[in-house]
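Spelled out, the chains give:
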Protein chains: 2
Amino acid sequence: MIPKNILDGAISDAWALVLGIGRRTTDTPGHTRASFGEGEQVAADLVCQFGASNGLDAEHDAFGNIYFLLPGTEPELPAVTSGSHLDSVPNGGNYDGLAGTAAALAVLVATRKAGFQPRRSLRALAMRGEESPWFNMAYLGSRLLLAYGDRTELGQRRRVDSGLTLREHVEQLGFPFLTDGEPVLTRENTACFLELHIEQGPLLEEKNLPLGVASAIRGNVRYPSARCLGEYGHASTTPRHSRRDAVMAAAELALGLDHLWADLAAEGDDNFVVTLGRFSTDMAQHALTKVPGEVNFSLNFGSTSEVTIRQARERLAELIERITAERGVRFEMGPEVAAEPVALDARLIGLLEAQMRELGLPTMRLPTAGHDAGIFALSGIPSAVLLMRNPFGSHNPREHLDEADFALGCSVLARAMHAAAA
Amino acid sequence: MIPKNILDGAISDAWALVLGIGRRTTDTPGHTRASFGEGEQVAADLVCQFGASNGLDAEHDAFGNIYFLLPGTEPELPAVTSGSHLDSVPNGGNYDGLAGTAAALAVLVATRKAGFQPRRSLRALAMRGEESPWFNMAYLGSRLLLAYGDRTELGQRRRVDSGLTLREHVEQLGFPFLTDGEPVLTRENTACFLELHIEQGPLLEEKNLPLGVASAIRGNVRYPSARCLGEYGHASTTPRHSRRDAVMAAAELALGLDHLWADLAAEGDDNFVVTLGRFSTDMAQHALTKVPGEVNFSLNFGSTSEVTIRQARERLAELIERITAERGVRFEMGPEVAAEPVALDARLIGLLEAQMRELGLPTMRLPTAGHDAGIFALSGIPSAVLLMRNPFGSHNPREHLDEADFALGCSVLARAMHAAAA
């Protein structure tokens, strides 16, 4: 429906936008765009400039989320919506979130330049604060945008580096953090949400496929600030029976969950994951010559299966009970942040795959990590996620996206948005 | 030989010295006396004042070690020497080292006050820099004092907190760091070395005994700055077969050595110890949502048996090979600091136990951690260590010494020094 040269031009411009934002948010190593903070705001400014220079005016909700609307012939109908987030983990890659934001803009820009007006309006979103390390909670931007959860409570969360609340960060950016009334996006004005995102694992790379469609969003159970408390002692003279070694105890917890994973994998279930991403003795007190008395760690496990998540919870409780008894330590798991697995919309999955087939692309379905699309789905808006190949995983500086894969992703997205808007 | 009231008075004064230094070097929690640094110098000044006010002039070697000499009737004979160190680990207890220093001074003060002059001279030592966390090496004060090892090389070691070399720290304290010529203490002028020290484990407490004599000094193998290098990745989407998780790998290394220990203990050998006192993911890069790509850790294992140490080395090599192959990580163990087990002098052990029996005290022999006495023994000076009960272990803020146990230790030490000097 859009001439190929116009679509290709818009995609090329969007790719330049992604690279430009990457250059402006380079950290060593990788890229850092803090949620509701500095690098994210650099990206927000450039995205708004890009929209303006292509005839699309940026609008904001009360929390700094950005949206662009291209009216359809029946603008009172719910809009077909796409986009992703602008922030990154500390020292992460450049494409996680940003590529999907730029792609949605590319579709609107190309549609407008082609003079094509679909029946429904098209909406592109650039959301904030999706990554969990900053506030120990994920999808803050989409939660606020859709009023998923108590926004006043969300505003009280503190960013781990600055110590300021989310509300204070939003206000610093110049937005009012209004929690009264209806959210800007609702089921009534949003027909569906399609999110283009790099794959965060290597499955597409392993199958040598540029694109795949998410089958479901993995649920997870997270303990961002768990502790194991033992007792400091002399490393050479505290005998085995008197030790309360927090490193040995926490190591046993980690490997106990790893063994569950190995067992599940041996039974053919390769869907479970478990990670202790942070694991540290106390810098102020630890020493080569001391039995370690404290370990601070994060624990994060997940699956697309509720049954597996329940099984992992049970194993965790058993391990804590046994290790506590055997090693004389205490585990304080701290606040738990859990997200149920989220089903995605079968009709939209089919729509995305139909566009891929029409472009001669093979299809593959794969489970995915959490995305803003999960908050849309939980808010009752039909949602789907289109994934692009990324050989080196996400949340790390080696994260990679080929321009050619990005272009294919944008092409499928454009066709799917137009089909949904017809 | 010394009237009881004079000895008791000197012991009481020495105890007050220990508590006074403790008050002046309080940290939160515990006490901090940095090797060749601030808190240690506070202790050195108060020890010199204490000597001066009791008629004993402090002398210094070229490295800031302090000694006091009470001449015997035959001052040309090698002197009977006692003492310990002034420094502490960061946030350690007050008694490790300091109590033995004060006790040696108490013996000289009481002997002088009583007007008693033994045949050999008595020497009290207040040494510096015994604790390893500061320079990643232990016994620096006694090494320098006795010229055990290359003093120029020792001077180039850097303190981990300041980044300055040992030589620079000694010079800052106003000492010349001269590495030419004979050391102040030699086999020729030192008859023997008796060190009174708190026990660093709980064995005397468990047996309800105030004092014990060390049977041998444990040897150990230390890797102060080892690393496990994996690869950062997305915690939810990196599948099991692609992970290179540094925390899981290092946890497996820790527990593999812990299993060796459990096996040795089950066979009745409770002499082995293994500790990973520092164990930390990289604060700048780790996150709840990332597979951890790096762990920095220390490893420290020891035994009084060379055979066990060899066995542990072999197990370590096997574990590294297997975990590297299975988990796709790399271990960089960094510099190794090893100390062989050190035998103590049988005649001096017997002498200490004879004094204990004469005072009606039960005796017990137990292995001990490294002490300055080990450097004396390795320098060819007959040495022994008398240990005082400490219920909560050493190198931690809860370290404890009863005044009554300290008084018993001083009494045994006084008798043993006089017997050796006769």
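This is a predicted model, so every value here is computed, not measured.

*Asks:* Help me out: how do you make sense of the nonpolar core in this one?
*Replies:* A general tendency of soluble globular proteins is for nonpolar side chains to be buried together. Counting residues in hydrophobic clusters, the biggest one holds 85 residues, and the most contacted among them are B:Phe376 and B:Phe406. The greatest single-element share of this core, amounting to 11 residues, is contributed by helix 3 (residues 98-113) of chain B. Among residues more than four places away in sequence, those in contact with B:Phe376 are B:Leu125, B:Met127, B:Ser142, B:Leu145, B:Leu146, B:Leu185, B:Phe193, B:Ile381 and B:Ser383. Residues A:Leu56, A:Ala99, A:Leu352 and A:Leu413 belong to the second largest nonpolar core, which totals 84 residues.

*Asks:* What should I look at first to understand the packing of aromatic side chains in this one?
*Replies:* Considering all chains together, one arrives at 19 aromatic pairs over all chains under this definition. A ring pair is formed by A:Phe63 and A:Phe177, whose centres lie 5.0 Å apart and whose planes are at 85°; its orientation type is edge-to-face. Of this pair, A:Phe63 sits in the loop between strand 1 (59-60) and strand 2 (66-70) while A:Phe177 is found in the loop between helix 6 (166-172) and strand 5 (190-198), placing the two residues 114 residues apart along the sequence. Residue classification places A:Phe63 among the buried positions, given a relative accessible area of 2%. What makes A:Phe177 buried here is its relative accessible area of 2%. One aromatic cluster is present, built from ring pairs that chain together A:Phe279, A:Phe297, A:Phe331, B:Phe279, B:Phe297 and B:Phe331.

*Asks:* Mind showing me how you'd approach the packing of helix 1 (residues 4-24) of chain A against helix 12 (residues 403-421) of chain A here?
*Replies:* Residue and element names in this part refer to chain A. Relative to each other, helix 1 and helix 12 sit at 125°, their axes nearing to 10 Å. With respect to each other, helix 1 and helix 12 are oriented oblique. Considering how the two elements wind past one another, helix 1 and helix 12 form a crossing that is right-handed. Contact residues: helix 1 offers Leu7, Ile11, Ala14 and Trp15, while helix 12 offers Glu403, Phe406, Ala407, Cys410, Ser411 and Ala414. A class-by-class count of the residues in the contact of helix 1 with helix 12 yields eight nonpolar, one polar and one charged.

*Asks:* For this particular structure, what's the right way to read the interface of chain B and chain A?
*Replies:* It is common to give the size of an interface as the accessible area lost on bringing the parts into contact. If you look at the interface, chain B gives 67 residues, while chain A gives 68 residues. Looking only at chain B, the three residues that lose the most surface to chain A are B:Arg240, B:Met248 and B:Leu288, adding up to 13% of its buried area. At the junction of chain B and chain A, the tally comes to six salt bridges. In this structure, B:Asp258 and A:Arg327 form a salt bridge, with 2.6 Å as the shortest nitrogen-oxygen distance. At the junction of chain B and chain A, the tally comes to 34 residue pairs in polar contact (both at pLDDT 80 or more). When contributions to the side of chain B that touches chain A are tallied by element, the ones reaching two or more residues are helix 7 (203-207), strand 7 (219-229), strand 8 (233-234), helix 8 (246-266), strand 9 (273-275), strand 10 (279-281), strand 11 (290-291) and strand 12 (294-303) of chain B. For the side of chain B that touches chain A, the leading source of residues is helix 8 of chain B, giving 10 residues. When the residues that make up the side of chain B that touches chain A are grouped by side-chain class, the tally is 31 nonpolar, 24 polar and 12 charged.

Definitions and limits used
- The numbers attached to residues start from 1 for each chain and follow its sequence in the written order.
- Chain letters and ligand numbers both follow the written order, the letters beginning at A and the numbers at 1.
- For a predicted model such as this one, the threshold for reporting local features is a pLDDT of at least 70, and the threshold for listing and counting side-chain atom pairs is 80 or more; totals across whole chains, interfaces and linings nevertheless cover every residue.
- Excluding hydrogens and water, the side-chain values take into account all heavy atoms of the structure.
- Put simply, buried Ala, Val, Leu, Ile, Met, Phe, Trp, Tyr and Cys residues joined by side-chain atoms within 4.5 Å make one nonpolar core.
- Remark: exposure states derive from per-residue accessible area (1.4 Å probe, protein chains only) relative to the maximum for the residue type, with buried under 20%, exposed over 50%, and partly exposed in between.
- In this description a helix means any DSSP run of H or I spanning at least four residues, a strand means any run of E spanning at least two, and both kinds are numbered starting from the N terminus.
- Pairs of residues are marked as contacts when any of their non-hydrogen atoms sit within 4.5 Å.
- Planes of paired rings set the category: under 30 degrees apart is stacked, over 60 is edge-to-face and the rest tilted, where pairs are Phe, Tyr or Trp rings (Trp by its six-membered ring) whose centres lie within 6.5 Å.
- Every axis in this analysis is a line fitted to C-alpha atoms, fitted for helices over the stretch in contact. Angles between the N-to-C directions lie between 0 and 180 degrees.
- Here is the rule for angles: anything less than 35 degrees is roughly parallel, anything more than 145 is roughly antiparallel, 65 through 115 is roughly perpendicular, and the remaining ranges are oblique.
- Here a crossing is called left-handed whenever its near helix is offset anticlockwise from the far helix by less than a right angle, and right-handed whenever the offset is clockwise.
- For this classification, Asp, Glu, Lys and Arg are treated as charged, while Ala, Val, Leu, Ile, Met, Phe, Trp, Tyr, Cys and Pro are nonpolar and the rest, including Gly, are polar.
- Accessible area, probed at 1.4 Å, shrinks when two parts are joined; the buried area is that loss added up over both.
- For this analysis, a salt bridge means a side-chain nitrogen from Lys or Arg found within 4 Å of a carboxyl oxygen belonging to Asp or Glu.
- In protein, a polar contact means a hydrogen-donor-capable atom and an acceptor-capable atom, both N or O and within 3.5 Å, with residues adjacent in sequence counting only if both atoms are side-chain atoms; elsewhere, any N or O pair within 3.5 Å suffices.

Functional significance is not addressed by these values, which are geometric in nature.
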